[in-house]
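An overview of the molecular structure
Listed below, chain by chain, are the residues.
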Amino acid sequence: MTPPLKGLLIGCGFFSRNHLHAWTNVEGAAITAVCDLDADRARACSEDFNIATWHTDASIMASGKFDFVDICTTMDTHEALVAQAVSAGLSIIVQKPLAEDIITCRRIEANARAKNVRVMVHENFRFQKIFRRLRAILDSGEIGETTFASLSWRNDIDVYSNQPYLLNTERFMIMDVGIHMLDLAQFLMGDADTVNCLNQSVKQGLAGEDAATIMLHHTNAATTVIDISYATIRRPSSFPQTLGVVEGREGTIQILEGEILRVHTDKTVRDEVIEDDKRDWTSAPWTQIQDSIPRIQQHFIDCLKSTNPFETSVRESLKTYALAEAAYESAAMSQLVNIQNLEEDGGR
Ligand code: NAD
Ligand code: 89V
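Residues numbered from 1 in each chain as written. Chains lettered and ligands numbered in written order. Predicted model: local features only at pLDDT ≥ 70, side-chain atom pairs only at ≥ 80, totals over all residues. Heavy atoms only, no water.

Section: the pairing of strand β1 (residues 5-10)
- Burial runs high along β1: five of the six residues are buried.
- Two strands pair when backbone bridges link them, and β1 and strand β2 (residues 29-35) are joined in this way by six bridges, in the parallel orientation. Along β2, the bridge assignment pairs Leu5 with Ala29.
- Traced from β1 through helix α1 (residues 16-23) to β2, the parallel crossover comes out right-handed.
- Here β1 runs beside strand β4 (residues 68-71); their pairing, made up of four bridges, is parallel. Residue pairing for β4: Leu9 is matched across the bridge by Asp70. (Buried < 20%, exposed > 50% of the residue type's maximum accessible area, 1.4 Å probe, protein only. Helix = DSSP H or I, 4+ residues; strand = E, 2+ residues; numbered from the N terminus. Pairing = 2+ DSSP bridges. Right-handed = clockwise from strand over helix to strand, strands pointing away.)

As C-alpha cells, this is what we get:
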C-alpha cells in the first residue's frame, strides 16, 4: 500500500476549513501541516483538524517534508507563494482567482513550466455534481451540438462578512464570481474567442464592480451569456446556485433552483434532481460549493499519481483569465474584445 501523499495547507482563513474537511474525504493524500502568517489561525486549524504541526512561515515548504501544497490564500499572495512552492519542487493546487490580471497569471504559469512543476487552479464550480451530470448529458449527444447557454448568479448574500477583502477589491465581481462562470462556460460549451462585457457598481461603497453581464462567442459559433450580481434581492436567495440553460440543435437543458436539470427533447421532458453527497461537514447555504471540494481535491491527487492532465491546470486556466481580462477591457472600451494573444506570452 503506497503511503498517502503529504500536503501542506497554506492559508488558514475563512475558506480553509472546507479544504481541510474535504482533505479528510480524499483517498491517497493527507494534510500533515498547516501554515498561516497568523499563529492563532494556524494553531486553531491544527487543533481543530488534529494536524500534528503548524507554522507561520511558508518557507517550511522547502523542508522536504511535503509532496504537495494547497494554497488557500487570496489572489494577491499567489504569485509569491506559487514561486516558493515551485522552488521547493512541490506540486501545487492554488485557489482561484489565480491572480488579479492575465500578465501575472502568465508569469506564474511560465515559471512553473520552466521548472517542470505541476500546478492546478482550485476552480471547483465545474466539479459541482450538477455540472458533472450536465456535461455527461452533453457528452451523450442527447441534445445535439450546443448552440447557446446562459449562466446566471444573482443574489445579495452577505459575502463581505466572511470575505471582507472583497469590499476593497477593485476587480471584484468578474474575478471572484465571473471566473467561475467563465470556466463553466468553457467546460460546457468549449473555447471562446471574443467577449463583450458591461459592468455595474450597484451597492454603495465597494471598490469594484458587483454586477456584470458578459457575452461570449465560442469557436464552434455558440453563444454564452453570463450574468452575475451580488446586488439582487430575491427571497429565498438562490445562493450559491448557478442557474441557466444549455440549448442544442436537438434539445435543451434547464439548470433550475433546487439543483434540478430539466432535459427537453422534441418528444420528451424529464427532471433530474441532483443530490449532494450528504457529507456530515457540509451545511446550507454553502452545501453545493462544499460538496465539490472533495471531488476537485481527489482529481488533483489522482492526476498527481497517474500523471493525467489536470482539468484546471494553470496552463488551461490561462484561457479563463484571458477571458476575464478581455471582459474588463471590453467594459472599459464599450466594445467587443478578441482574446487572441491575451493568453500567450508577449500578448497585450
Ligand atoms: P482569508 O483572507 O480568510 O484567508 C487567507 C489566509 O491566508 C489568511 O489567514 C492569511 O493570514 C493567510 N496568508 C496570506 N498570505 C500568507 C502567507 N504568505 N503565508 C501564510 N499565510 C498567508 O481568505 P479566504 O476567504 O479563506 O479565501 C482564500 C481564497 O479562497 C480566495 O482566493 C477566495 O477567492 C477563495 N475562495 C474560494 C471559494 C471556492 O472555492 N468556491 C470560496 C470562497 C473563497
Ligand atoms: O465561491 C467563491 O469563490 C466565493 C464566492 C463566489 C462565494 O464569493 O469567493
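A word on the side chain of Asp36
- With respect to the secondary-structure elements, Asp36 resides in the loop between β2 and α2 (39-48).
- Despite its burial, Asp36 pairs with no opposite charge, the nearest such side chain being Arg41 at 4.9 Å.
- Here Asp38 takes part through its backbone nitrogen, which lies 2.8 Å from a polar atom of the side chain of Asp36.
- Ignoring any residue separated from it by four or fewer positions in sequence, one finds Asp36 in contact with Gly11, Cys12, Gly13, Arg41, Ala42, His55 and Thr56. (Lys, Arg positive; Asp, Glu negative; His and termini not counted. Salt bridge = Lys/Arg side-chain N within 4 Å of Asp/Glu carboxyl O. Polar contact = N/O pair within 3.5 Å; in protein donor to acceptor, adjacent residues only side chain to side chain. Contact = heavy atoms within 4.5 Å.)

Describing the packing of helix α6 (residues 173-189) against helix α9 (residues 314-333)
- It is at 9 Å that the axes of α6 and α9 come closest, and there the two elements cross at 125 degrees. By the angle between their directions, the pair α6 and α9 is classed as oblique. For the pair α6 and α9, the sense of crossing is right-handed. Each of Met173, Ile174, Met175, Ile179, Leu182, Asp183 and Gln186 in α6 lies in contact with α9, whose residues at this interface are Lys319, Thr320, Tyr321, Leu323, Ala324, Ala327 and Tyr328. (Axes fitted to C-alpha atoms, helices over the stretch in contact; angles between N-to-C directions. Parallel < 35°, antiparallel > 145°, perpendicular 65-115°, else oblique. Left-handed = near helix turned anticlockwise from the far one by under 90°.)

Quick notes on the sheet that holds β2
- Judged by pairing direction, the sheet is parallel, and its six strands sit side by side in the order β3-β2-β1-β4-β5-β6 without closing on themselves. The strands lining the two open edges of the sheet, one partner per strand, are β3 (53-55) and β6 (119-122). Across the sheet, the mean angle from the axis of one strand to that of its neighbour is 25 degrees, orientation sign disregarded.
- One ladder, built from four bridges, connects strand β5 (residues 91-95) with β6; its direction is parallel. Bridging across to β6, Ile93 finds its partner in Met120.
- The strands touched by α1 within the sheet are β1, β2, β4, β5 and β6, with β2 carrying the most contacts at an inclination of about 150 degrees.

Focus: the site of ligand 1
- Near ligand 1 you find 23 residues, and of these Asp36, Arg41, Lys96, Asn124 and Tyr165 are the closest.
- One of the backbone N or O atoms of Phe14 is found 2.9 Å from an oxygen atom in ligand 1.
- In the model, an oxygen atom of ligand 1 is placed 2.7 Å from a nitrogen or oxygen of the Asp36 side chain.
- Taken by itself ligand 1 offers 860 Å² of open surface, and the protein chains cover 88% of this. (Near = heavy atom within 4 Å. Areas by Shrake-Rupley, 256 points an atom, 1.4 Å probe, with all protein chains shown as cover.)

With respect to the packing of aromatic side chains
- By the definition in use, this model includes 12 aromatic pairs.
- Measuring from ring centre to ring centre gives 6.0 Å for Phe172 and Tyr230, while their planes differ by 15 degrees; the resulting arrangement is stacked. With Phe172 in the loop between β7 (146-154) and α6 and Tyr230 in the loop between β10 (223-229) and β11 (243-248), this residue pair connects regions lying 58 residues apart in the sequence. Both residues of the pair, Phe172 and Tyr230, count as buried.
- Three or more aromatic residues link up through ring pairs in this structure, and these residues are Phe14, Phe15, Phe125, Trp153, Tyr160, Phe172, Tyr230, Phe239 and Trp286.
- Against the face of Phe310 rests Arg118, its NZ or CZ located 4.2 Å from the ring centre. (Phe/Tyr/Trp six-rings, centres within 6.5 Å; stacked < 30°, edge-to-face > 60°. Lys NZ or Arg CZ within 6 Å of the ring centre and 35° of its normal.)

Re the pattern of salt bridges
- Applying the stated criterion to the full structure yields 29 salt bridges.
- One salt bridge connects Arg17 with Asp48, and the closest N-O pair in it is separated by 2.9 Å. Taken as a pair, Arg17 in helix α1 and Asp48 in helix α2 lie far apart in primary sequence, 31 residues in all.
- Note that Arg107 is salt-bridged to Glu79, the shortest N-O span being 2.6 Å. With a gap of 28 residues between them, Arg107 in helix α4 (residues 102-114) and Glu79 in helix α3 (residues 78-87) connect regions that are remote in the sequence.

Considerations on the nonpolar core
- Formed by 112 residues in total, the largest nonpolar core has its most connected members in Ile92 and Trp153.
- Among the elements that make up this core, the one with the highest residue count is α6 (12 residues). (Core = buried A, V, L, I, M, F, W, Y, C linked by side-chain atoms within 4.5 Å.)

Comments concerning the site of ligand 2
- Residues in close proximity to ligand 2 include Lys96, Phe125, Val159, Gln163, Asp176, Val177, His180, Tyr230, Phe239, Trp286 and Ile289, which together make up its full environment.
- A distance of 3.0 Å separates an oxygen atom of ligand 2 from a polar side-chain atom of Gln163.

Keep in mind these numbers describe shape, not what the thing actually does.
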